[in-house]
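If you want the building blocks of each chain, they are given just below.
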Amino acid sequence: MKISQKEFENTIKEFERIVDVRDQLWDRARKLLENGYEVDAYILILATWNFARFRYFIKIFYLDKFGRAIKKTNPIFKKLRNKDFESIDLNNKIIKKDIKDIYSEIKKVAEQTGASKIMALKNPKLFIMWDTEIRRIYKISNYSTPDDYIEFLIKMKDVFSKIKWNNKKRPFAKVIDEYNYAIVDKIRSERKKKKNKKINI
């Protein structure tokens, strides 16, 4: 499955139509991160972009443990800071290990969807977010192991290989997430319509 340029652009326009306040909070979280308020930035994203799960997960969420995981992964993030999704070699053993190490460590304290959101906030040029619905669309295991996340990134490279994106203000990796968000929103809307139709029958 490869996405055409026309389909991509139309779906991104749809994202821009349906986007809510969370996109503004994303920008604020990025500013917090840039100003050294790293943990605060991640908590903001988890509480708003992953709120459906985070409201349950918060009961076993420990800030000190979370902080240690961030501190442990920051040197690896630093190694990858100049990498971007378009040019990165995901078959490179060192790069694969670095990505898997980050994902594995953060998943322990923020679960699989939260881990991808933190990674994308830290390096929006490289990492792409996912959730259960996105994994389902692309037939990625919901066990969400580090290898699954690498498989997801490789699949994203293949699916969006024909797309041209020149907007430097919005990294390609972030825009792929916006595409996925719009597709998921459409699926959920159709599911809701079917459910309401059954109720009304």
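Above this note sits the structure.
Nothing here was measured: the structure is a model prediction, and the numbers come from that model. (Residues numbered from 1 in each chain as written. Predicted model: local features only at pLDDT ≥ 70, side-chain atom pairs only at ≥ 80, totals over all residues. Heavy atoms only, no water.)

**Student:** Where do I start with the nonpolar core in this structure?
**Tutor:** A general trend in soluble globular proteins is that nonpolar side chains are found buried together. Counting residues in hydrophobic clusters, the biggest one holds 55 residues, and the most contacted among them are Ile99, Phe127, Phe152 and Phe160. Secondary-structure elements contributing two or more residues to this core are helix H1 (5-18), helix H2 (21-34), helix H3 (38-49), helix H5 (63-79), helix H6 (93-122), helix H8 (146-159) and helix H9 (172-200). For this core, the element with the most residues is H6, which contributes 12 residues. Those residues within four positions of Phe152 in sequence are excluded, and the remaining contacts are Ile128, Met129, Trp130, Ile134, Tyr138, Ile140 and Asn180. (Core = buried A, V, L, I, M, F, W, Y, C linked by side-chain atoms within 4.5 Å. Buried < 20%, exposed > 50% of the residue type's maximum accessible area, 1.4 Å probe, protein only. Helix = DSSP H or I, 4+ residues; strand = E, 2+ residues; numbered from the N terminus. Contact = heavy atoms within 4.5 Å.)

**Student:** Which parts of the structure should I look at to understand the packing of aromatic side chains?
**Tutor:** Within a pair of aromatic rings, the relevant descriptors are the distance that separates the centres and the angle that separates the planes. Applying the stated rule across the entire model yields 15 aromatic pairs. With 5.3 Å between their ring centres and 5 degrees between their planes, Tyr103 and Tyr149 make a pair best called stacked. Taken together, the positions of Tyr103 in helix H6 and Tyr149 in helix H8 put the pair 46 residues apart, joining distant regions of the chain. The exposure class assigned to Tyr149 is buried, which follows from its relative accessible area of 0%. (Phe/Tyr/Trp six-rings, centres within 6.5 Å; stacked < 30°, edge-to-face > 60°.)

**Student:** Is there a simple way to explain the side chain of Glu133 in this structure?
**Tutor:** Checked against the element boundaries, Glu133 lands in helix H7 (residues 132-137). Given a relative accessible area of 8%, Glu133 falls into the buried group. A polar atom in the side chain of Glu133 sits 2.8 Å from the side chain of Arg136. Excluding residues that lie within four positions of it along the chain, Glu133 makes contacts with Val184, Ile187, Arg188 and Arg191. (Polar contact = N/O pair within 3.5 Å; in protein donor to acceptor, adjacent residues only side chain to side chain.)

**Student:** I keep staring at H6 and nothing clicks. Help me out?
**Tutor:** One turn of an α-helix holds 3.6 residues; hence residues three or four places apart share an orientation. For H6, which comprises 30 residues, the first-to-last C-alpha distance of 22 Å sits more than 12% below the rise-based estimate of 44 Å (1.5 Å per residue). The largest bend along H6 reaches roughly 120 degrees and is located at Ala110. For H6, the N-terminal capping position is held by Asn92, with its side-chain oxygen 2.9 Å away from the main-chain nitrogen of Ile94. (Expected span 1.5 Å × (residues − 1). Bend = angle between axes of the 7 residues up to and from the residue.)

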